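# Structure assessment
Each chain, letter by letter, is given below.
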Amino acid sequence: MLDRTGRNEELLTTRLSLRRPAPDDIDAIFAIHSDPTTCRHNPSDALSKREEAVELFERWNDHWERFGYGYWVVRRHDSYRTLGFCGTKVMNLDNLSVLNLFYRFEASSWGQGVASEAATAVVEWVTERVPDLPVIARVRPANTASQRVAVRAGLVRAQHLDTTGEDGPDWIFAKNLLG
């Protein structure tokens, strides 16, 4: 379910509430992205100053303004505590426009199926509303937990698109890939 009235965009799952980020989320963005544990497989994503979280929020907000979707703040229904972030952004992969699936969660929520539940909801939502763009996830070969999340969200390995990212090899998982 999505409520598109103003700033109240919300996607609900069995346990989770996903909503568009707001300026009040900047501290959570910083907390999660400055934790070395959450950025272990993507150290180039690590933030060291709150100002970087402000810039990241602004990029996320610009994407929402431009496309009407993007990264979501993920919480449990019964809590205001941010567990993490999950969503898609438009990007270019091997001269192909794609929606890159992103998920990053605080370490205390790992192993509870939260990332898989959020990623599945996001993939279902975006493939229904943006069917002309494939969804991909770029995952480090050693990050088996992230690989499981991608597969549970309905993506499959697209080895022919594997590439090298800022932090090393990117294994590509995809859904709705044409050709």
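Keep in mind that what you see is a predicted model, and the values were worked out from it rather than measured. (Residues numbered from 1 in each chain as written. Predicted model: local features only at pLDDT ≥ 70, side-chain atom pairs only at ≥ 80, totals over all residues. Heavy atoms only, no water.)

### Side note on the state of the cysteines
Here the structure, examined in full by the defined rule, presents zero disulfides. Among the cysteines around Cys39, which has no disulfide bond, Cys86 carries the closest sulfur, lying 15 Å off. Relative accessible area serves as the criterion here: at 2%, Cys39 is assigned to the buried category. Since its relative accessible area comes to 0%, Cys86 is described here as buried. (Disulfide = S-S within 2.5 Å. Buried < 20%, exposed > 50% of the residue type's maximum accessible area, 1.4 Å probe, protein only.)

### Notes on the nonpolar core
Ranked by size, the top nonpolar core spans 32 residues in total, and within it Cys86, Leu101, Tyr103, Phe105 and Leu155 carry the most contacts. Elements supplying a minimum of two residues to this core: β2 (16-19), β3 (71-76), β4 (82-93), β5 (96-105), α3 (114-129), β6 (135-139) and α4 (144-152). For this core, the leading source of residues is α3, giving nine residues. Among residues more than four places away in sequence, those in contact with Cys86 are Gly70, Tyr71, Trp72, Val74, Leu101, Phe102, Tyr103, Phe105, Ala118, Ala119 and Val122. Residues Ala28, Ile32, Tyr71 and Val73 belong to the second largest nonpolar core, which totals 13 residues. (Core = buried A, V, L, I, M, F, W, Y, C linked by side-chain atoms within 4.5 Å. Helix = DSSP H or I, 4+ residues; strand = E, 2+ residues; numbered from the N terminus. Contact = heavy atoms within 4.5 Å.)

### A few points about the pairing of β5
Most of β5 is tucked away, with eight of its ten residues classed as buried. Hairpin connection between β4 and β5: a loop of two residues separates the two successive antiparallel strands, and Asp94 in this loop has a positive phi of roughly 55 degrees. Examined bridge by bridge, β5 and β6 share two bridges and lie parallel to one another. When the sheet's bridge partners are listed, Asn100 is paired in β6 with Ile136. In this fold, the crossover linking β5 to β6 by way of α3 has right-handed handedness. (Pairing = 2+ DSSP bridges. Right-handed = clockwise from strand over helix to strand, strands pointing away.)

### A few points about unusual backbone geometry
Positive phi is not limited to glycine here, since Asp94 has a value of about 55 degrees. Position of Asp94 among the secondary structure elements: in the loop between β4 and β5. Despite not being glycine, Asn95 has its phi angle at roughly 60 degrees, a positive value. With respect to the helices and strands, the residue Asn95 is situated in the loop between β4 and β5.

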